[in-house]
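# Coordinate analysis (summary)
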Amino acid sequence: MKTIIITVFIGLFIFSSCSITTNGMTEEDKFIEDLLARMNLQEKIGQLNQHTSQWEMTGPAPNAKNTQDLLEDIKNGRVGSMLNVVGAEATLNAQKIAVENSRLGIPLIFGYDVIHGQKTMFPIPLAEAASWNPDLAVLSSSIAAKEAAANGLHWTFAPMVDVGRDARWGRVMEGAGEDAYLTTAFSLARVQGFQGDDLSNENTIAACAKHFAGYAFSESGRDYNVVEIGGESLHNVVLPPFKALAESGVATFMNAFNTIDGMPATASSYLQRDLLKGEWGYDGFVVSDWNSIGEIMIHGAAADLKECAFRAITAGSDMDMEATAYIKYLEELVMEGKVDVKLIDDAVRRILRIKYRLGLFEDPYKYSNIDREKANIYTGEHKSASRKVARESMVLLKNEGNLLPITSSVKSIAVIGPLADDNDSPLGNWRAQAIPNSAVSMLSGIKAAADGIKINYAEGCKLATAGRAFPTHLTINNTDKSGFSAAVNAAKKSELVLLAIGEDAFMSGEGRSQTDITLRGLQQELFDAIYKVNKNIVVVLMNGRPLVIPEIAEKAPAILEAWHGGTEAGHAIADVVFGKYNPSGKLPMTFPLNVGQIPIYYNYKNTGRPDTGNPEDNLWSSYTDAPNTPLYPFGFGLSYTTFEYSDIKVSSSEISKGETLQVSVNVSNTGTVDGEEVVQLYICDKAATYARPLKELKGFQKVSIKAGGTENITFKLSDKELGYYFPNGKYVLEPGGFRVYVGGSSEVKHSVNFSLK
Ligand code: BGC
C-alpha cells in the first residue's frame, strides 16, 4: 500500500460562494458591496480592530480594555474581531452584543491559537512533520478544527509556515522544520484539515499562514530579533510555503514581529501589497501579529502610534491585533487626507469576505452551540487519532544490537527520568484548551502495555523547579541529586532502562530561545550514573526542538525521538517500544553536533572551498575543532527493518522545458518485519546563474513494504521542481545538468544525471 503525498498539493479550497448574480458580480461580492455602502467610516475602521479578551493573554497587553469598555466598543461597532474568547457560551454572549446591539449587526470573528489541537492535543507540529505523512496533518487539523469550532471559534492562527534552520529559536516546535518543500506539504495539509472544502461548514475554521515573513531567521536564534536574509534565500526558502498557501485559498495571513533587512514586516508593502495581494492575487486578509503595528515604532521605523497606523495600513496590514493603532488614528489619518479611504475599504472587504465565507452572516451563532461543544470535544475517537499521529511522528535515531523493540524475554524494565512520569510536558507548548497534566505519561503508557513485566520507576532528578503555567523562566535543577540513588537501584535490578529526558513543555515555544540546547540540568549526569550500572539504555527524548546530545548519541545503544507527543504520548511510546508499531519517522530538522554549527541544514551550498574531510586541510571551509557534519541529518530515521535502494533510473537523459521526467527506484525491505519507508528525492542543479544547494528535496513518498518485498517507486519532475528564484523574485528555469538522488535520508549517495535543454 502506498501513501501518495502529492494529493495535498491539488487545489483544495474551492469556496461555494461563486454564484454569479445578474449584474456579473458574485453573490458574495454583491453582499459585501451592499454592506460596505451602508457602513460609516468608524464602522469600517471597527472591522479592522481586534481585541483580546481579558482572561487569556498571549502577549504583553498594555492596551487591554476592561470588560465593560470592551462591551461598549462592540456595541458601537468598534471591534471586528476578538481573540482568546473561548467556549460556546462566551462566544455566544459576545456575538449577541455585536449582532443584536450594534447598528449594522456585523458578526465578530473569534480567533485563537489552535496550533496542535484544541483540547485533544496532537504532537507538536515539528513532531508531526517527522511523520512525513501529510495525511496525518489533515487528520489532526480537522479534529482540532472540529473541537475549536465546537468551542465557538471561527479562526485559528495556524499553521506557522516559517521554515526554520536554527534550533535555538524556540518556535521551531510550531513549524514543519528546515525545508521549504516539506513545510509546504505540511502547511497545505494543515490548511486542508482546518478549512476543509467548505469554510461555512460548522466543523471547519479559517486558517492563517504565519508569520509573513522571515521570522524563523531571527538573528542568532533569539526570538523577535532582526532578520537579515537576502533575496535568494527569501524567495527560495522562506516564501514558497506562503505562496502555496495563498494560492490554495488559506483564509488569512499573519504578518511578523521582525524587521526583514531593516523593514518591519508589518510595514512591508513589498511583502503584503506587491507580492501577496499583487503578484499572488490573494483575496483573504492580513492580521498583524500581537501589537506588531505598535512595535513598528519600537523598531525605530515610526515616530508614534499614529505613524505606525499609517505605515501598516499603507503596507497592507488589514487587521490590527492589540495595538489599537487603527481604532485610535485611522479616522484622523483619513480626515487629514493622508490615508485614502480606498485602502480602508479594501481591508474591510477582505475581512467581510472571510466572515461571509464562514457563513457568519447567515447564522452568526452557528459555531456557538453548547450541545455540539459537549459532544465534539475530547472524544475517544479524537484521542485514538492522536495516538496514531504520535506513534508515526517518532523517529528512531539509534538501535544498536536491535535493543528495540523490547522482546517478550525481557521481564523487568526500569522507567527513569524527569520526564518519565510527566503527564504535562507531552502536551507541549501552545496547548490551547488542554487540561494541564492530562497527557498519558510514558510511565502510564508502559505500565498499561507491559503485561507481566516488572516496572521499576524512579524519577532520578527533576528537570525544572519553577511552576508550569506559562513560566517566563524555568529554574533548571542543577544541584539536587537526591533521586539519583533510587534511579541507579532501579536500573541495577532491571534488564533494560527506558530513560525519558529532554525538555519540559515550556522550554520551547514563543519567547523560549536558548543559547544552549544541550541536555539541561542534571540529565547528562543522570544518564552517566545509570550507564555505569546498566548499559541497556533506551533514551526516549521528549523535546520541542533538535537537541545537542553527542555523548548520548555515542553511548546509548538506542534512542527514540518522541518529541512532545500530545494527549496519548505514553501509549504511543509503548506502541513503538514494544513493536506494536514499527517506527517510520524521519527528522524534519538537522540535529547539530554542537551549538557552534548553527545554523546547520542539509540544503547548503558547496562554497568555493568545500570541506575535504581531512583535518589537515585547513584552508577549506571547515572548522578546526569539529566536523561540518551534523549529529543526525535531515530526513534521517531508522526502522525495525532495513531498506535497500537499487536501480535508480530516469526516463530520459535529456528533457526540454515543459516536459516531465520520471525517476524510478526499487526499494526493498531486507529485514524480517513489515515497515514503512519515506522515500526521498533530492535534486542538484549543477551549474546555474546563482549557486544552488547541493541537494534540495523535491519529492517524497511514504510507502509500506512487506518484509522481503520490493516496491518500484516513481516520481515526476517538471518545470515546477527544476526552476528556482533569482534574488529579485523572478522564477527561472535554466538549461544545464542536474543530478537526482533518491534514498532514505538527505545523506543519500545514489544519484543519476540528466540535463534540461
Ligand atoms: C504570536 C502569534 C500568535 C499571537 C496571538 C503572538 O505573540 O507571535 O503567533 O498567534 O501572539 O496569540
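Anything mentioned here points back to the structure above.
These notes cover the structure that comes with them. Since we're looking at a predicted model, the values are computed, not measured.

### Re the overall build of the protein
Counting secondary structure elements, the protein contains 21 helices and 27 strands. Against the compact-globule benchmark of 27 Å for 757 residues, the protein has a radius of gyration of 26 Å, which places it among compact chains. Burial status across the protein gives 62% buried among its 757 residues. Counting contacts in the protein only where the partners sit at least 6 residues apart, residues at least 24 apart contribute 79% of the total. Surface accessibility of the protein: about 26800 Å² in total, with carbon and sulfur atoms responsible for 49%.

### Quick notes on the packing of helix α7 (residues 180–195) against helix α8 (residues 231–248)
When two helices pack together, their arrangement is captured by the angle between the axes and the distance separating the axes. Packing of α7 against α8 leaves a shortest axis separation of 9 Å and a crossing angle of 25°. Classified by the interaxial angle, the pair formed by α7 and α8 is roughly parallel. Here α7 and α8 pass one another in a crossing that is right-handed. Each of Ala180, Thr183, Thr184, Ser187, Leu188 and Val191 in α7 lies in contact with α8, whose residues at this interface are Asn236, Val237, Pro240, Pro241, Ala244, Leu245 and Ser248.

### What to know about the layout of surface pockets
Reported here for the second largest pocket is a volume of approximately 820 Å³. Taken together, the residues of the lining of the second largest pocket sort by class into 10 nonpolar, 9 polar and 5 charged.

### Let's talk about empty space enclosed by the protein
It is the rolling of a water-molecule-sized probe over the atoms that shows where space remains empty. Applying the stated criterion across every chain, the model contains 6 cavities of 30 Å³ or more. Put simply, the largest cavity is a space of about 100 Å³. Forming the boundary of the largest cavity are 14 residues, of which Asp113, Asp289, Trp290, Trp430 and Glu510 lie nearest the centre. Class assignment for the residues of the lining of the largest cavity results in 7 nonpolar, 2 polar and 5 charged. A volume near 80 Å³ is recorded for the second largest cavity. Lining the second largest cavity are 13 residues, and of these Ile115, His116, Glu128, Ser140 and Ser141 sit closest to its centre. Among the elements of the structure, α5 (125–129), α6 (134–150) and α7 are those that each provide at least two residues to the lining of the second largest cavity. In terms of residue count, the dominant contributor to the lining of the second largest cavity is α6 (3 residues).

### Quick word on the sheet that holds strand β3 (residues 81–83)
Strand order across the open sheet formed by 5 strands is β5-β4-β3-β2-β11, with parallel pairing between neighbours. Sheet topology places β5 (155–156) and β11 (320–321) at the edges, where each strand pairs with a single neighbour. Here 3 bridges tie β3 to strand β4 (residues 109–112), and the two strands are oriented parallel to one another. Paired with leucine 83 across the bridge in β4 is glycine 111.

Rules of the game
Residues numbered from 1 in each chain as written. Predicted model: local features only at pLDDT ≥ 70, side-chain atom pairs only at ≥ 80, totals over all residues. Heavy atoms only, no water. Helix = DSSP H or I, 4+ residues; strand = E, 2+ residues; numbered from the N terminus. Rg over C-alpha atoms; globule rule 2.2 N^0.38 Å. Buried < 20%, exposed > 50% of the residue type's maximum accessible area, 1.4 Å probe, protein only. Contact = heavy atoms within 4.5 Å. Areas by Shrake-Rupley, 256 points an atom, 1.4 Å probe, with all protein chains shown as cover. Axes fitted to C-alpha atoms, helices over the stretch in contact; angles between N-to-C directions. Parallel < 35°, antiparallel > 145°, perpendicular 65-115°, else oblique. Left-handed = near helix turned anticlockwise from the far one by under 90°. 1 Å grid on protein atoms, 1.4 Å probe; cavity = no way out; pocket = protein on both sides within 12 Å on 5 of 7 lines; lining within 4 Å. Points joined across faces, edges and corners; volume = space filled by probe spheres on them. Nonpolar A, V, L, I, M, F, W, Y, C, P; charged D, E, K, R; others polar. Pairing = 2+ DSSP bridges.

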